[in-house]
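Structure at a glance
Chain by chain, the residues run as shown.
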Protein chains: 2
Amino acid sequence: MQESRLSVTSILRHGLLLYPGSKVITYDGTVANEKTFAEVGARAAQLANALVELGVDRDDRVGTFCFNHNQHLEAYLAVPSMGSVLHTLNVRLFSEQLEFIINDAEDKVIIADAVVMPLLAKVLGACKTVETVLVVGDFDASTLAGVHYRVLSYEEFIAGRPTAYDWVEPESETDAAVMCYTSGTTGNPKGVVYSHRSTWLHSQAVTSAASLGLTTEDRALVVVPMFHANAWGIPHAAWMVGADLVMPGRFLQAAPLAWMFTNLRPTMSSGVPVIWNDLVHYAEENPVDFSSVRLLCGGGSAVPRALIEAFRDEFSVDLVQGWGMTETSPVCTLGIPPVGTPPERAIEYQVTAGRPVAGVALRIVDADGNVAPNDGKSLGEIEVSGPWITGSYYKNQRPESFDDGWLRTGDMGTIDAEGYLRIVDRTKDVIKSGGEWISSVELENALMAHPLVFEAAVVAVPDQKWDERPLACIVVKPGATLTAEELSSFLLDKVARWWLPERWSFVDEIPKTSVGKFDKKVLRNLYAEDKLKVTKVG
Amino acid sequence: MQESRLSVTSILRHGLLLYPGSKVITYDGTVANEKTFAEVGARAAQLANALVELGVDRDDRVGTFCFNHNQHLEAYLAVPSMGSVLHTLNVRLFSEQLEFIINDAEDKVIIADAVVMPLLAKVLGACKTVETVLVVGDFDASTLAGVHYRVLSYEEFIAGRPTAYDWVEPESETDAAVMCYTSGTTGNPKGVVYSHRSTWLHSQAVTSAASLGLTTEDRALVVVPMFHANAWGIPHAAWMVGADLVMPGRFLQAAPLAWMFTNLRPTMSSGVPVIWNDLVHYAEENPVDFSSVRLLCGGGSAVPRALIEAFRDEFSVDLVQGWGMTETSPVCTLGIPPVGTPPERAIEYQVTAGRPVAGVALRIVDADGNVAPNDGKSLGEIEVSGPWITGSYYKNQRPESFDDGWLRTGDMGTIDAEGYLRIVDRTKDVIKSGGEWISSVELENALMAHPLVFEAAVVAVPDQKWDERPLACIVVKPGATLTAEELSSFLLDKVARWWLPERWSFVDEIPKTSVGKFDKKVLRNLYAEDKLKVTKVG
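Please read these numbers as outputs of a predicted model, since none were measured by experiment. (Residues numbered from 1 in each chain as written. Chains lettered and ligands numbered in written order. Predicted model: local features only at pLDDT ≥ 70, side-chain atom pairs only at ≥ 80, totals over all residues. Heavy atoms only, no water.)

A tally of helices and strands in chain A yields 15 helices and 28 strands. Relative to the globule expectation of 24 Å for 538 residues, the C-alpha radius of gyration of chain A, 23 Å, shows essentially globular dimensions. For chain A, the spread of C-alpha atoms along the principal axes amounts to about 70 × 55 × 50 Å. Within chain A, the fraction of its 538 residues that count as buried is 61%. Taking the intrachain contacts of chain A between residues at least 6 apart in sequence as the baseline, contacts between residues at least 24 apart amount to 67%. Carbon and sulfur atoms make up 49% of the accessible area of chain A, which amounts to about 20,200 Å² in all. For chain A, the distance from the average site of its 46 positive side-chain charges to the average site of its 68 negative ones is 2 Å. (Helix = DSSP H or I, 4+ residues; strand = E, 2+ residues; numbered from the N terminus. Rg over C-alpha atoms; globule rule 2.2 N^0.38 Å. Buried < 20%, exposed > 50% of the residue type's maximum accessible area, 1.4 Å probe, protein only. Contact = heavy atoms within 4.5 Å. Areas by Shrake-Rupley, 256 points an atom, 1.4 Å probe, with all protein chains shown as cover. Lys, Arg positive; Asp, Glu negative; His and termini not counted. Charge placed at Lys NZ, Arg CZ, Asp CG, Glu CD.)

See the structure below:
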């Protein structure tokens, strides 16, 4: 067989040839700006020509510090297809992490949104590899006098350049195409390097009719940020099959998202559960038209059963749960019920993390390092293998995360005989109580099923008698009141009695990480520093 | 990224884990025998254990000389997943070709249908590498006394063996998984070696929602023989996504196929146009229920417009045209209209060979070896590149078929700006008349649109004045009568006047090749030997 390369370059070429009329629609807070794939492809070529003038060469890293918009997509397509490496930077990172990441990756050029330029400028003084910043949007560069890097307007700098570029195939399909750092709740962020091959294969997997089944008839609203594991592969996959893309910019609050659902008519959308939770509560109070939607995807953290049921029962929308991580490109599993499942039993499968998509293999490894059976009971760390799963971190950080070619995910779970994965907890979040394990995730799901609970996070706190016990942190819905006793008795028939938390804290909001997950480290610290008001029960 | 292998082994494992309850239904001429994927997987393991006992080792070739049934599928899954190479033999080959192919591939074991054993036995005396034949079905081995190979019953020999096998991943994903010889109208047949990687990628491509979109909700009736380019990848793809398979055995005539459509309710089916042509004529006279069908695929030779329209207008069935060849795994293009095409214009796209599926690239190379533009006019040889396109023939036969990494297909065509490929003719079938080209395929399509024409084949014959001129060979529908003059005037407003054939021959049937294409070499020879009754017009 030919050594034809699986590459971002071939994705770019294929989408341009077959689907020049498909659309990329960027919402800027007021209006939706429409560009065709042909226009975005031409602008990607202009960007490539501009980057060459900036001295960007093969393998050089080009960072992006952007929300989701057509310019970000242009970088997605152009940078790898000119042989360089795209490095997506999370705009919600702390300064120290951002500085570390830029220096670790040695970014030469960064494309940044004007609105987050002040955050970036704060660290760039210590990032000597960065020669140029291309700013998307209006920005007054004179505020940065005396810096070592050039600041140019993205639009002005690409304007008028040739709209064609002689895109190059990578020398090897395993060459780097994109890199992204894990937000890293412990230690320094670790770089994950996606190859051309892994990006192509992951995109193809997302278009499989057996997974998300993206086609040219779809319009994908990309709520998950493009700096969060390639926006779960949706931009590349959409380009491959000619699906329209709706890019929400930084407008990820319930109200603007509701406007986009109602007016831009997406057929599918992907995002973290906290966003869908906000949106469903908003839609309970305000008119939102979800009639164009065939599929919502939730991932990044467990999707609560109550949320799936709310979308299903109130809006006839299927919310499909996926599981994966930055290290896995990310799609590993999807919570799709087996064919022929009666509708009333579908939820039993939808609340699991799902089954592997073709190409991905999973296994459970117990505390002794033995592979456990797929019996739905044996609990252990989830390990994953496949052609879009990272085999090592950049610069070989944390080699202990890899086990004989498999990635150790840091998630604990079970796999049943039908292949369905259940995530019990993060290994670092599980509560070790008297030698037994309590799943913080299951407690949270049970609590969030209460009609007056808006959000609930459960963390382990030290306990003299049991080593660790659960602390439940609760956000009640606006205007509602709830007591710890009420919630404790609500849990009675839902979890084992010895799981019932003794410690309760009613808070205004749950702190979130830069990618929208509950930040349990912050909660544990607040508790340790005695900064939470805690009620005791039982 | 991990070096995880794209392999038939992983397809086998994935289908067994996720879809143990999907079905493989084999029609034996009387009843439909149902087995689950779990049962077929267990039998594949029994076959692997049996082959080990026969001394089959890594890289050894195991031939199949079978129609489509569950045993053939068991060989598809088991042989590559034990590290050996499956070699599908065409049961319709001439003896000399069959003998050449078995010796060229050095098959060690052959799995053969009892009904074609006499054909196989005729050549095996000259095939010294073959040690064992496993016969599917009842066969009296005593008729073969004194042969150098053992003859065993497939069912008896696998019965009672362990239903598990320690399947192996290939050492490299580019290792051989399957081989298949092109029927070769000129010279000796040439071997094409499919790798584990190419088989996996092709299967995944077939499941893309942007191509055939196979899922676990499908039931695929595999009309195209499993010795014909892996049955176009349908068996592997169906296993990957848990689609039911209906295997028609050797019952490919219109009446049994009609029974299968009506009673076994397939959602999709793939086959060559001559089979669909027979079936549609049968269905015009007999009750056939196509209501379960979402998609028919036609390929192997051009699908006539009249056939697409007949299925559409009379039975509300979509007949999608694909293009490819043994050398291309085979799916390269699919005749799917662009999104938003008004229904009345869809046929304009459906009559083309279609656009490349993601992963495949096409180009037109003119007589001077230059790449021609995609303008829908520039005519030349079609060249193709991609990860499931062969890069060389087995033992480096015919290196002139490869052009700087691209496969020269021997088909002539054009590509338009939207990427649609039109096959004008085979390079060896095009008619060179007075320095200009006449497409035999276009003339055939125009003729087959006549309501009284059953089949039409056009070949070049020598002409003193023009070098070559077309000869039209016509099969009229049962009971109908037609004259050359009537057909000639029917063509008047459909093709250029100088294309009108002067020579016409009314025949009982068009000779076919072993894979169901018109055998134009036979027609040319019949004409040369003056064995056709020819009428002259104009």
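After presenting the structure, the write-up continues.
Our focus in this paragraph is the sheet that holds strand S2 (residues 32-36) of chain B. Residue and element names in this part refer to chain B. Overall, mixed pairing links the nine strands, which are arranged S2-S1-S11-S10-S12-S13-S14-S15-S16 in an open sheet. The sheet terminates laterally at S2 and strand S16 (355-356), the two strands that pair on one side only. Examined bridge by bridge, strand S10 (residues 219-222) and strand S12 (residues 268-271) share three bridges and lie parallel to one another. Across the sheet, the residue bridging to alanine 220 is methionine 268, located in S12. (Pairing = 2+ DSSP bridges.)

Another aspect to go through is the pairing of strand S14 (residues 319-323) of chain A. Walk down a regular strand and you will see the side chains alternate between the two sheet faces. All names here are of chain A. For S14, the tally of buried residues reaches five of five residues, placing the bulk of the element in the interior. Burial of S14 is two-sided: the residues Leu319, Gln321 and Trp323 facing one way and the residues Val320 and Gly322 facing the other way are all buried. Summarising the sheet, strand S13 (residues 295-298) and S14 pair through three bridges and their orientation is parallel. Counterpart to cysteine 297 in the pairing with S14 is valine 320. Chirality of the crossover, the property in question, places the unit of S13, helix H11 (residues 305-315) and S14 among those that are right-handed. Looking at chain direction, S14 and strand S15 (residues 333-334) are connected through two bridges and run antiparallel. Paired with glycine 322 across the two strands is leucine 334, which belongs to S15. (Right-handed = clockwise from strand over helix to strand, strands pointing away.)

Attention now moves to the side chain of A:Asn68. Residue and element names in this part refer to chain A. You can see asparagine 68 is positioned in the loop between strand S3 (61-65) and helix H3 (70-81). Its relative accessible area of 2% is what places asparagine 68 among the buried residues. Of the polar contacts made by the side chain of asparagine 68, one reaches the backbone oxygen of valine 222; its length is 2.8 Å. Excluding anything up to four places from it in sequence, asparagine 68 contacts Thr26, Val222, Val223, Val224, Pro225, Met226, Met247, Pro248 and Gly249. (Polar contact = N/O pair within 3.5 Å; in protein donor to acceptor, adjacent residues only side chain to side chain.)

Further remarks concern the interface of chain A and chain B. At the junction of the two partners, chain A supplies 52 residues and chain B supplies 52 residues. Each partner contributes to the roughly 3,600 Å² buried at the junction of chain A and chain B, and carbon and sulfur atoms together form 58% of this total. For chain A, the biggest contributors to the area lost against chain B are A:Met1, A:Gln2 and A:Leu17; these three give 22% of the whole. Linking chain A with chain B are two salt bridges, by the criterion used here. Close ionic contact of B:Glu173 with A:Arg197 constitutes a salt bridge, the shortest N to O distance being 2.6 Å. The tally of links from chain A across to chain B stands at 22 residue pairs in polar contact (both at pLDDT 80 or more). Mapped by element, the contributors of at least two residues to the side of chain A that touches chain B are helix H1 (8-18), strand S9 (191-195), helix H7 (196-207), helix H8 (234-241), strand S16 (355-356), strand S19 (380-385) and strand S21 (406-415) of chain A. It is H7(A) that provides the largest number of residues to the side of chain A that touches chain B, a total of seven residues. When grouped by side-chain class, the residues that make up the side of chain A that touches chain B number 27 nonpolar, 20 polar and five charged. (Buried area = accessible area lost by both parts, 1.4 Å probe. Salt bridge = Lys/Arg side-chain N within 4 Å of Asp/Glu carboxyl O. Nonpolar A, V, L, I, M, F, W, Y, C, P; charged D, E, K, R; others polar.)

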